[in-house]
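# Observations on the three-dimensional arrangement
Chain by chain, the residues run as shown.
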Amino acid sequence: MSEASETDETRPGKFGEYGGQYVPEALMPAIEELTDAYQRYVLDNEDGFMDEFRQRLRDFGGRPIPLQRADRLSERYDREVYLKREDLLHGGAHKLNNALGQVLLAKYMGKERIVAETGAGQHGTATAMAAAHLDVPCEIYMGERDINRQRPNVFRMRLNGSEVNPVTTGRGTLKEAISETMRDWATNVEDTHYVIGSIVGPHPFPAMVRDFHSVISKEAKRQFDEQVGTQPDAVLACAGGGSNTMGAFAAFVPDESVGLYAVEAGGSSLTVDEEAGVAPNSASLSTGTEGVLHGARTKVLQDRDGQIMESHSVSSGLDYAGVGPELAHLVDTGRVHAVNVDDDAALTEFHRLSQLEGIIPALETAHAFAFLERDHESLGETVMVNVSGRGDKDLEAAIEETAKRDIDIAPDMSVFQGAMR
Ligand SMILES: *Cc1c(COP(=O)(O)O)cnc(C)c1O
């Protein structure tokens, strides 16, 4: 059994008032089949599913992933700072843990086709890699606007043999891509599995995706025992949908002495423009209200009429108007602290980590470091930061965003002036 906070036995898929299965009738057969498969293969290890999953995470993914002491950050903050280096997982982010688990599960279920949604393309590329590795045909839905903004990721998916289907409805971004993927799944339930990209969606996705990512905290706990001799006082992870977050927290949840901090994207401001239906942030845990999004009750950014608002973050991977129901519940119970930092702070720490530790982090990850920079004094003696991904994918965005700002520790950007718009 998983050791994270279980869903309530008598109410499957509920985390307090959150979670559930708010889906059209047409999807229920697929959801029930998946719930059954999750129980048998993931929780009960039927046919050795979990053994094969672990073996492939090792040989294809590169696990176990190092827990590294950050020497210069430790000095800067006058405490022990450790980095869980998920940026070193194959593909450059934590996302393969889940993609590999779900594509493998699809095979065990006898499915012959994979569909997935992607926003910036990170989950799409992880799914395309896993599908190529396991030889399952794969189609990825991606908003047309995102396709134009993320050409290298689109090419990565195509290189791995996946189809990329443009979604033109609405704003042509992640929200619409998820809806379109659910429609495809409902139409093709017989032979198709939907690989969802975070701990969101209807049960059993939030629990299952958490279980695939919980390898992060299980490994870290063991590494703290072996390398450090104590467990951390605080664990920090950035939170969009919240999958790297729950992965980094899961094994620590029962241990109340470990403070858990979900760091959200404060964007450019926490103030909402109700009139325009725009939240200039993605801080659904900190500022959202209860609603239903993509098949689950959770905290969402919505206006007074319950319309989902447009969200914003300098990091595309955090730019989502909802969050996993389990994380919403853990925030309400007080076990997890929801905090947020703004775009400017995240971008500054993107530069600092690169300079001090020789690690260029994803802009998503940089949010966790911005919280460390701001609030380290309240975090105890030993701190773990989950490095959810590397920043290679963000270099273009970082050039553009840095040039717009006055960041005193940034390198001289004048060399780029001619190339800037
Ligand atoms: C996708 C992504 C995230 C956000 O997703 P979560 O489900 O919130 O973990 C964070 N960091 C990186 C590097 C990502 O690629």
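Taking an unreviewed UniProt entry as the reference, the protein chain is identified by name as Tryptophan synthase beta chain belonging to Salinirubrum litoreum. UniProt's Function (unreviewed entry) comment on the protein chain is quoted here verbatim: "The beta subunit is responsible for the synthesis of L-tryptophan from indole and L-serine."

Another aspect to go through is the site of the ligand. Close to the ligand lie 17 residues, the nearest being Lys95, Ser198, Gly242, Ser243 and Ser388. In the environment of the ligand, an oxygen atom lies 3.1 Å from a nitrogen or oxygen atom belonging to the backbone of Gly241. Contact with the protein chains removes 97% of the 380 Å² of surface that the ligand exposes when unbound. Considered class by class, the residues forming the shell around the ligand number four nonpolar, 11 polar and two charged. For the shell around the ligand, the domains that each give at least three residues are domain 1 (15-59 + 95-209) and domain 2 (64-92 + 214-420).

Following the UniProt record, the feature "domain: Tryptophan synthase beta chain-like PALP" (unreviewed entry) maps to residues 61-389 here. The span residues 61-389 shows a helical share of 40% and a strand share of 20%, and its end C-alpha atoms are spaced 14 Å apart.

Time to look at the UniProt feature "modified residue: N6-(pyridoxal phosphate)lysine" (unreviewed entry) in the protein chain. Per the UniProt annotation, the sites labelled "modified residue: N6-(pyridoxal phosphate)lysine" (unreviewed entry) are Lys95. Along the chain, Lys95 turns up in the loop between strand E4 (80-84) and helix H4 (96-108). When sequence neighbours within four positions are dropped, the list of residues in contact with Lys95 reads Gln122, His123, Ala126 and His213.

Tracing the backbone shows Glu274 in the loop between strand E10 (259-267) and helix H12 (284-287). Residues Glu274 and Glu290 lie 16 residues apart in sequence; the distance between their C-alpha atoms is 17 Å.

Turning our attention to unusual backbone geometry. Here the bond from Arg63 into Pro64 is cis, since omega is 0 degrees, no more than 30 degrees from zero. Assignment of secondary structure puts Pro64 in the loop between helix H2 (49-61) and strand E3 (67-69). Following His203, the chain continues into Pro204 via a peptide bond in cis, with omega recorded as 15 degrees. Examined against the element boundaries, Pro204 turns out to sit in the loop between strand E8 (192-195) and helix H9 (205-213). The phi torsion at Asp47 lies on the positive side, around 55 degrees, for a residue other than glycine. Residue position: Asp47 is located in the loop between helix H1 (28-43) and H2.

Rules used in this analysis
Residues numbered from 1 in each chain as written. Predicted model: local features only at pLDDT ≥ 70, side-chain atom pairs only at ≥ 80, totals over all residues. Heavy atoms only, no water. UniProt positions renumbered as here; feature names shortened; annotations may be inferred. Near = heavy atom within 4 Å. Polar contact = N/O pair within 3.5 Å; in protein donor to acceptor, adjacent residues only side chain to side chain. Areas by Shrake-Rupley, 256 points an atom, 1.4 Å probe, with all protein chains shown as cover. Nonpolar A, V, L, I, M, F, W, Y, C, P; charged D, E, K, R; others polar. Domains from an automatic or database assignment. Helix = DSSP H or I, 4+ residues; strand = E, 2+ residues; numbered from the N terminus. Contact = heavy atoms within 4.5 Å.

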